[in-house]
Amino acid sequence: MGKKKEIISDMHLYKNKIESLIKVIIWIISWIGGILVLLKADNKEVLGSAYFIYMLSLLMEFVPKINSKVQFYSRLLHTVLCFMMTCVFLLSACIVYGVKLHNYWYVVMFILTIIIIIYMIGDSFVLWLEPKPSYIENNDDLERTESAQEKKFNDRLLKGNLGNITKDS
């Protein structure tokens, strides 16, 4: 059971519950205001640029996190999520550069963004269901570690590269 819990913990897009909730709400509001509003627009370049900006911001947020994933399944899932974002981003880049796409591709982009948003909502929900880690048991170890680190810091501060400043002259 510990391995499954570790994999699920590593799969989360964010480690902090509050950060996850706030960012997912912001992504949803951005999607509604930037893409959903423009779906019926006659000018498809405007819709393409909205997808372009939205996916660019998502890619900048989540692609660097692939390297921080430790478990194979969480890295694979995160890569698939980023691949879906990349597909929408490339289709939107084509639209921005003037390529005329069939309406089918606009539906594909819409469905992929819905899947991405559903994943983000589900991930945030599962993160909120996880219990808070207990640090009370390890409080003594934490204090010992802090005092050891504090002592090491003070030693380096007083006896740095310039010599020992506590020495009497």
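Since we're looking at a predicted model, the values are computed, not measured.

Caption draft 1: Structural detail: the overall build of the chain. Within the chain, the secondary structure is distributed over six helices and two strands. Along its sequence from the N terminus, the chain presents helices and strands in the succession α-α-α-α-α-α-β-β. The buried share of the chain, reckoned over its 169 residues, is 28%. Split by element, the accessible area of the chain, about 11,900 Å² in all, is 67% carbon and sulfur.

Caption draft 2: Looking closely at the nonpolar core. Core analysis: the biggest nonpolar cluster contains 31 residues, and Tyr54, Met55, Leu58, Phe62, Met85, Ile116 and Met120 have the highest contact counts within it. When neighbours within four sequence positions are excluded, Met120 is seen to be in contact with Leu13, Val24, Trp27, Tyr54, Leu58 and Phe62.

Caption draft 3: Representation of helix H4 (residues 72-96) in the model. Its 25 residues place the ends of H4 35 Å apart at the C-alpha level, agreeing with the 36 Å of an ideal helix rising 1.5 Å per residue. Of all the residues in H4, the buried ones are Ser74, His78, Leu81, Cys82, Met84, Met85, Val88, Phe89, Leu91, Ser92, Ala93 and Ile95. Phi turns positive, to about 100 degrees, at Gly98, one or two residues after H4.

Caption draft 4: Focus on the packing of helix H2 (residues 17-34) against helix H3 (residues 44-62). In contact at an axis separation of 10 Å, H2 and H3 are set at 165 degrees when each is read in the N-to-C sense. Classed by the angle they form, the pair H2 and H3 counts as roughly antiparallel. Where H2 crosses over H3, the handedness of that crossing is left-handed. Contacts between H2 and H3 involve Lys23, Trp27, Ser30, Trp31 and Gly34 from the first element and Ala50, Tyr54, Ser57, Leu58, Glu61 and Phe62 from the second. Among the residues forming the contact of H2 with H3, the class breakdown is six nonpolar, three polar and two charged.

Rules used throughout
Residues numbered from 1 in each chain as written. Predicted model: local features only at pLDDT ≥ 70, side-chain atom pairs only at ≥ 80, totals over all residues. Heavy atoms only, no water. Helix = DSSP H or I, 4+ residues; strand = E, 2+ residues; numbered from the N terminus. Buried < 20%, exposed > 50% of the residue type's maximum accessible area, 1.4 Å probe, protein only. Areas by Shrake-Rupley, 256 points an atom, 1.4 Å probe, with all protein chains shown as cover. Core = buried A, V, L, I, M, F, W, Y, C linked by side-chain atoms within 4.5 Å. Contact = heavy atoms within 4.5 Å. Expected span 1.5 Å × (residues − 1). Axes fitted to C-alpha atoms, helices over the stretch in contact; angles between N-to-C directions. Parallel < 35°, antiparallel > 145°, perpendicular 65-115°, else oblique. Left-handed = near helix turned anticlockwise from the far one by under 90°. Nonpolar A, V, L, I, M, F, W, Y, C, P; charged D, E, K, R; others polar.

These results come straight from atomic positions and should not be treated as a statement about function.
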